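What the coordinates show
Here is how the chains run, residue by residue.
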Protein chains: 2
Amino acid sequence: MPRVTIEVLAERLGLSTASVSYALNGLPGVSATTRTRVLELADELGWRPNVGARALSRARADAVGLLLPRGAEDVGAEPYYMALLAGIESGLAEAGTALMLRFVPDGADLAVYREWHAEHRVDGVFLTDLRIGDPRPALLDRLGLPYLVHSGHRIADGWRFGQELETSLLIDHLAGLGHRTLLHVAGPQTLVHEQERIQEVRRACVAAGIALTTVEADYTHEGAAEVVRAAVQRGPDVSAVLCGNDPMAIGCVRALREAGREHRVAVVSWDDSVLCETSFPSITALQRQPYETGRESARLLLSGLSGSWREPEPSSARLVIRETSVPA
Amino acid sequence: MPRVTIEVLAERLGLSTASVSYALNGLPGVSATTRTRVLELADELGWRPNVGARALSRARADAVGLLLPRGAEDVGAEPYYMALLAGIESGLAEAGTALMLRFVPDGADLAVYREWHAEHRVDGVFLTDLRIGDPRPALLDRLGLPYLVHSGHRIADGWRFGQELETSLLIDHLAGLGHRTLLHVAGPQTLVHEQERIQEVRRACVAAGIALTTVEADYTHEGAAEVVRAAVQRGPDVSAVLCGNDPMAIGCVRALREAGREHRVAVVSWDDSVLCETSFPSITALQRQPYETGRESARLLLSGLSGSWREPEPSSARLVIRETSVPA
DNA sequence: CTGAAAGCGCTTACAG
DNA sequence: CTGAAAGCGCTTACAG
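Residues numbered from 1 in each chain as written. Chains lettered and ligands numbered in written order. Predicted model: local features only at pLDDT ≥ 70, side-chain atom pairs only at ≥ 80, totals over all residues. Heavy atoms only, no water.

1. Comments concerning the packing of helix H9 (residues 164-176) of chain B against helix H10 (residues 192-208) of chain B
Residues and elements named next belong to chain B. Following both chains from N to C, one finds H9 and H10 inclined at 40°, their axes separated by 9 Å at the closest point. In terms of orientation, H9 lies oblique with respect to H10. H9 and H10 meet at a crossing whose hand is right-handed. Here H9 contributes Glu164, Thr167, Ile171 and Ala175 to the contact with H10, which in turn contributes Glu200, Val201, Ala204, Cys205 and Ala208. When the residues that make up the contact of H9 with H10 are grouped by side-chain class, the tally is 6 nonpolar, 1 polar and 2 charged. (Axes fitted to C-alpha atoms, helices over the stretch in contact; angles between N-to-C directions. Helix = DSSP H or I, 4+ residues; strand = E, 2+ residues; numbered from the N terminus. Parallel < 35°, antiparallel > 145°, perpendicular 65-115°, else oblique. Left-handed = near helix turned anticlockwise from the far one by under 90°. Contact = heavy atoms within 4.5 Å. Nonpolar A, V, L, I, M, F, W, Y, C, P; charged D, E, K, R; others polar.)

Here you go:
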């Protein structure tokens, strides 16, 4: 079938392509009746702008990029990312903006940003998993490519993730169950938000009179099982464990089971998902609404692209209490 | 910084933009030395084609689309999809083709294909989860938008998914453990590959002398738990269960646990993931290499886009034996 | 082997 | 309120 372009519309209506363009884009410069005629014909013929042509003339891609930096296996293991992805995409789709998704091996990310920029592929990008000394913001600033750090807000010398509320939900819950000894299995300390969490957890434990031990693991269930195993052997009096994500919470429960203590030690996870829900025993977890926060991130980036960065909505995490919420 | 375009390159080299274009695209029409000079300068200045301009003049988007039709929750629950996504993207990236990803509510998919086509957003699309009487192939044929049914191959009147090998891996394993009674918890029978599986499983069970009961569930752990619970109450002699995906396998194990039989009944899952790996007891599952099959699908679609559909490689699933592989 | 020119389908000053 | 025209950055017959 012949492609329907604005020229086709213009010819059939006896107008110039300029008028048709003004009409289609809701710009002044055409009478109300002309506009209606244009819109009706466009609708009837199923006209849609050729994205290439529009991108070229507007010097805008109407697309934004997201790089998932970790190996496919890790990302697949965390349902959090799929929900986040779906949320981001849904927020973008409402504005007619496309999502460019790439999974890149460690270290290849900077090259992709340069490529995207040079090719005019994207108007902006999302950043997740900000690391200490992360080179990405500096590169993007230099390129002039707008970006949004997911869940972050800018402070003088970096980014904050505002996890005070989440921390108190978790710690207050454990304190309320009577726990006075906590093992915090944190994620990689190369991540800014994980360092921030450690500080927050420390503060909350001091306030709640909880003795805290912090260990680091790599976000995998194996890694977490290992550190929990070691901790249980070292001090069999551990009464509660806080895990940085859901695979680690699963690994933790497994290590506790090996020690015959899976129904005696409280476990809470910083992320919720079907993993926590279907675990045995099922795991109390922070429901952080990745789908909703993804939508919010999309709206924020879009606001920035159209000239004025909006303030982020406060996060609305809630705790889902399950079987691992055992008293001390 | 000023955009580097082929015009910039042409000026600096004292050439026409045509020659520069020929050189950059490896086309005949320029001398070897000219080509080298062009490529070197392009590299030095970091030139990359403006995708909008290229799409417009070539009438090609250099992008393909993938719609994930189910709600974000369901998709997030199945790690299979994230790995598939990563594989597809990685296969496309090697050819410089972008992936357009959309999560659409039921029924909205056809409109998106029309949109993509009219906007020249994509050169082709992937189809997953083909349904009985699925309207998508007909629409895409009509639009002239090339498509690939993931894991499928075309037969006279539809598509086949070639699951004989996978079926025998599963059934032979259970037969080898001495099981003679099988409950098959199949996924939605609206899906072509699920109907095909039922046939294959039936055939394999007849061959192996296994008495088969087939029930349908909705790919969720709750749904599977319910049907397994009912089956166990009806006939407490069920000795093995085959589940259509990993969340259902988890639900099955839970239902068996409620009946105190989780260490007595064999469970195998048609998909593997961290869910099966970390379950207690851990679940024997078919490792279907979604990342690799995703890459293969990408290569196949790309081959079709460049004019000649390649034959798919045979699938290379293998069974990962775990704790639920208990003898009869 | 190289260059001048038209064209892809839009947008957008500018003149009427 | 409307139209003729240039321009976005490429590609590609066509003529030299």
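Here the narrative resumes.
2. Let's talk about the relation of the copies chain A and chain B
Relating one copy of the chain to the other takes a rotation about an axis and a shift parallel to that axis. Between chain A and chain B, which share one sequence, the superposing operator has a rotation angle of 180° and an axial displacement of 0.0 Å; the RMSD is 0.0 Å. Such a combination of turn and shift is consistent with a two-fold rotation axis. Rotation axis and chain A: the residue whose C-alpha lies nearest the axis is Gly52 of chain A, separated from it by 2.1 Å. Of the interface residues in chain A, 100% have counterparts in chain B that sit at the interface too, so the contact is made through matching surfaces. (Least-squares fit on C-alpha atoms with pLDDT ≥ 70 in both.)

3. Some thoughts on the protein's contact with DNA strand C
Residues in close proximity to DNA strand C total 25 residues, the closest being Ile6, Ser21, Tyr22 and Arg54 of chain A together with Gly29 of chain B. Sugar plus phosphate, as a fraction of atoms of DNA strand C within 4 Å of the protein: 59%. Note that a phosphate oxygen of DNA strand C is positioned 2.8 Å from one of the backbone N or O atoms of Ile6 of chain A. Residue Tyr22 of chain A places a side-chain N or O atom 2.8 Å away from a base nitrogen belonging to DNA strand C. If you list the elements that add at least two residues to the surface near DNA strand C, you get helix H2 (17-24) and helix H4 (51-58) of chain A together with helix H2 (17-24) and helix H4 (51-58) of chain B. No other element matches the 4 residues that H4 of chain A contributes to the surface near DNA strand C. Within the surface near DNA strand C, the residues separate by chemical class into 10 nonpolar, 12 polar and 3 charged. (Near = heavy atom within 4 Å. Polar contact = N/O pair within 3.5 Å; in protein donor to acceptor, adjacent residues only side chain to side chain.)

4. Here's the deal with helix H10 (residues 192-208) of chain A
Residue and element names in this part refer to chain A. The first and last C-alpha atoms of H10 sit 24 Å apart over 17 residues, in line with the 24 Å expected at 1.5 Å per residue. For H10, the set of buried residues is Val192, His193, Glu194, Glu196, Arg197, Ile198, Glu200, Val201, Ala204 and Cys205. Contacts made by the buried residues of H10 are with strand S6 (158-160), helix H9 (164-176), strand S7 (181-186), strand S8 (211-216) and strand S9 (240-243). Just downstream of H10 lies Gly209, where phi reads positive at about 70°. (Expected span 1.5 Å × (residues − 1). Buried < 20%, exposed > 50% of the residue type's maximum accessible area, 1.4 Å probe, protein only.)

5. Examining the protein's contact with DNA strand D
Gly29 of chain A together with Ile6, Ser21, Tyr22 and Arg54 of chain B are the nearest of the 25 residues found near DNA strand D. Ser57 of chain A has a polar backbone atom sitting 3.5 Å from a base oxygen of DNA strand D. Ala53 of chain B has a polar backbone atom sitting 3.4 Å from a base nitrogen of DNA strand D. Those elements that provide at least two residues to the surface near DNA strand D are H2 and H4 of chain A together with H2 and H4 of chain B. Looking at the surface near DNA strand D, the element that brings in the most residues is H4 of chain B, giving 4 residues. When the residues that make up the surface near DNA strand D are grouped by side-chain class, the tally is 10 nonpolar, 12 polar and 3 charged.

6. Thoughts on the interface of chain A and chain B
With 49 residues of chain A in contact, the opposing surface of chain B contributes 49 residues. For the pairing of chain A and chain B, the buried interface totals around 4600 Å² over both sides, and the portion due to carbon and sulfur atoms is 67%. Glu89 of chain B is paired through a salt bridge with Arg102 of chain A; the nearest N and O atoms lie 3.0 Å apart. Counting across the interface, chain A meets chain B through 12 residue pairs in polar contact (both at pLDDT 80 or more). In terms of residue count, the dominant contributor to the side of chain A that touches chain B is helix H6 (residues 79-93) of chain A (7 residues). Broken down by class, the residue content of the side of chain A that touches chain B amounts to 28 nonpolar, 9 polar and 12 charged. (Buried area = accessible area lost by both parts, 1.4 Å probe. Salt bridge = Lys/Arg side-chain N within 4 Å of Asp/Glu carboxyl O.)

7. Remarks on the pairing of strand S1 (residues 63-68) of chain B
Residue and element names in this part refer to chain B. Most of S1 sits out of view: 6 of its 6 residues are buried. The alternating pattern of S1 places Ala63, Gly65 and Leu67 on one face and Val64, Leu66 and Leu68 on the opposite face, and all of these are buried. When S1 meets strand S2 (residues 98-103), the two strands line up parallel, connected through 6 bridges. Note that in S2 the partner of Gly65 across the bridge is Met100. Across 3 bridges, the pairing between S1 and strand S3 (residues 124-127) is parallel. Paired with Gly65 across the strands is Val125, a residue of S3. (Pairing = 2+ DSSP bridges.)

8. Describing the sheet that holds strand S10 (residues 266-269) of chain B
Residue and element names in this part refer to chain B. Pairing is mixed in the open sheet, where 6 strands are placed in the order S8-S7-S9-S10-S11-S12. Two strands bound the open sheet, and with one partner strand each, they are strand S8 (211-216) and strand S12 (318-320). Ignoring which end each strand starts from, the neighbouring axes of this sheet average 20° apart. Pairing analysis gives 6 bridges linking strand S7 (residues 181-186) to S8, with the strands arranged parallel. Bridge assignment links His184 to a residue of S8, and that residue is Thr214. Taken strand by strand, helix H12 (residues 246-258) contacts S7, strand S9 (240-243) and S10, and its axis lies near 165° from that of S10.

9. Overview of helix H14 (residues 290-305) of chain B
Residues and elements named next belong to chain B. Helix length check: H14 (16 residues) gives 22 Å between terminal C-alpha atoms against 22 Å at 1.5 Å per residue, within 8%. Buried residues along H14 sit against S1, helix H6 (79-93), S3, strand S4 (147-149) and strand S11 (284-287). Gly307 sits one or two positions beyond H14 and adopts a positive phi of about 115°.

10. Section: the side chain of Thr167 of chain A
Looking at the element boundaries, Thr167 of chain A is found in helix H9. Filtering out sequence-adjacent residues up to four positions away, Thr167 of chain A remains in contact with Glu200, Val201, Ala204 and Trp270 of chain A.

11. Some words on a negative patch on the surface
Taken together, the side chains of Glu216, Asp218, Glu222 and Glu226 of chain A together with Glu277 of chain B present a region of like negative charge at the surface. As for its placement among the helices and strands, Glu226 of chain A is situated in helix H11 (residues 221-234). (Patch = residues over 30% accessible without salt bridge, like charges linked within 9 Å, V, L, I, M, F, W, Y side chains within 5 Å. Areas by Shrake-Rupley, 256 points an atom, 1.4 Å probe, with all protein chains shown as cover. Lys, Arg positive; Asp, Glu negative; His and termini not counted. Charge placed at Lys NZ, Arg CZ, Asp CG, Glu CD.)

12. Focus on the sheet that holds strand S10 (residues 266-269) of chain A
Residues and elements named next belong to chain A. The sheet built from 6 strands is open, its strands ordered S8-S7-S9-S10-S11-S12 with mixed pairing. The open sheet has two free edges, formed respectively by S8 and strand S12 (318-320), since each of these has just one partner strand. Neighbour-to-neighbour, the strand axes of this sheet turn through a mean angle of 20°, independent of strand direction. Strand direction decides the pairing type here: strand S11 (residues 284-287) and S12, joined by 3 bridges, are antiparallel. Note that in S12 the partner of Leu286 across the bridge is Leu319.

13. Remarks on the side chain of Arg288 of chain B
Residue and element names in this part refer to chain B. Checked against the element boundaries, Arg288 lands in the loop between S11 and H14. Within polar-contact distance, the side chain of Arg288 engages the backbone oxygen of Trp270 at 3.4 Å. A distance of 2.8 Å separates polar atoms of two side chains, one belonging to Arg288 and the other to Asp271. Apart from the residues within four sequence positions on either side, Arg288 is in contact with Tyr80, Glu166, Arg197, Trp270, Asp271, Thr293 and Ala317.

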